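# Fold and contact review
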Amino acid sequence: RRTQEKNPQEIRYVAFGTSSTWGAGVDGINRETDVYPKLLSPNAVNLAIRAAGPGAPAMCIKTMLESAGPDAIYDVITIEYYHRMLDEVDIDALYIALQRLRKRFPDALIVFIRDWY
């Protein structure tokens, strides 16, 4: 599906995740520039929600994406919910969110992030 290589500066990123992706837990950082989605690209959209699992994007993915940019198309989607994967409800919600993201962005690369403190 990916027919042409893109300049890394043109790759469009969107991130979903927990407090780690949101930027909590690290003193002295600027949440608008220093969290990992913004290190991938200054234009990355960070849709992580502090103290939340995949249930929010599973229920509200359309609203979340439209608030970031109604016509936005993303090349790379990062997903960071590893620490929430012990609960069956969170696992089911993650599958729902992923199905909706894949339907909306069929050509996007989906990357699962496993982080640690």
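Anything mentioned here points back to the structure above.
Given the structure is predicted, the values throughout are model-derived calculations rather than measurements. (Residues numbered from 1 in each chain as written. Predicted model: local features only at pLDDT ≥ 70, side-chain atom pairs only at ≥ 80, totals over all residues. Heavy atoms only, no water.)

Attention now moves to the pairing of strand β1 (residues 13-17). When you tally the buried positions in β1, you get five out of five residues, the bulk of the element. A two-sided burial pattern is seen for β1, the buried positions comprising Y13, A15 and G17 on one face and V14 and F16 on the other. As paired elements, β1 and strand β3 (residues 76-80) share five bridges and run parallel to each other. In the strand pairing of β3, V14 is matched with I77. Looking at chain direction, β1 and strand β2 (residues 45-46) are connected through two bridges and run parallel. Looking at β2, one finds that V14 is bridged to V45. (Buried < 20%, exposed > 50% of the residue type's maximum accessible area, 1.4 Å probe, protein only. Helix = DSSP H or I, 4+ residues; strand = E, 2+ residues; numbered from the N terminus. Pairing = 2+ DSSP bridges.)

If you walk across this open sheet you meet the four strands as β2-β1-β3-β4, and the pairing is parallel. Edge positions in the sheet fall to β2 and β4 (109-112), since each has one partner strand and no second. Helix α3 (residues 55-68) rests against β1 and β2 of the sheet, and its axis sits at about 145° to β1. Strands β1, β3 and β4 of the sheet are contacted by helix α4 (residues 88-104), whose axis makes an angle of about 175° with β3. (Contact = heavy atoms within 4.5 Å. Axes fitted to C-alpha atoms, helices over the stretch in contact; angles between N-to-C directions.)

Glancing now at the side chain of T18. Among the structural elements, T18 can be located in the loop between β1 and α1 (19-22). Every residue in contact with T18, bar those within four places of it in the chain, is listed here: A48, I49, A52, E80, Y81 and R84.

Next up on the list: the pattern of salt bridges. For the structure shown, the criterion picks out two salt bridges. The partner of R12 in a salt bridge is D75, with the nearest N and O atoms 2.9 Å apart. Here R12, found in the segment before β1, pairs with D75, found in the loop between α3 and β3; they are 63 residues apart in sequence, far enough to count as distant. The class of R12 is partly exposed, set by a relative accessible area of 33%. Residue classification places D75 among the buried residues on the basis of a relative accessible area of 16%. (Salt bridge = Lys/Arg side-chain N within 4 Å of Asp/Glu carboxyl O.)

For the pair α3 and α4, the least separation of the axes is 6 Å and the interaxial angle reads 30°. By the angle between their axes, α3 is roughly parallel relative to α4. Contacts between α3 and α4 pair G55, P57, A58, M59, I61, K62, L65 and E66 from the former with A93, I96, A97, R100, L101 and R104 from the latter. Among the residues making up the contact of α3 with α4, the classes are represented as nine nonpolar, one polar and four charged. (Parallel < 35°, antiparallel > 145°, perpendicular 65-115°, else oblique. Nonpolar A, V, L, I, M, F, W, Y, C, P; charged D, E, K, R; others polar.)

Honestly, it's all geometry; don't read function into it.
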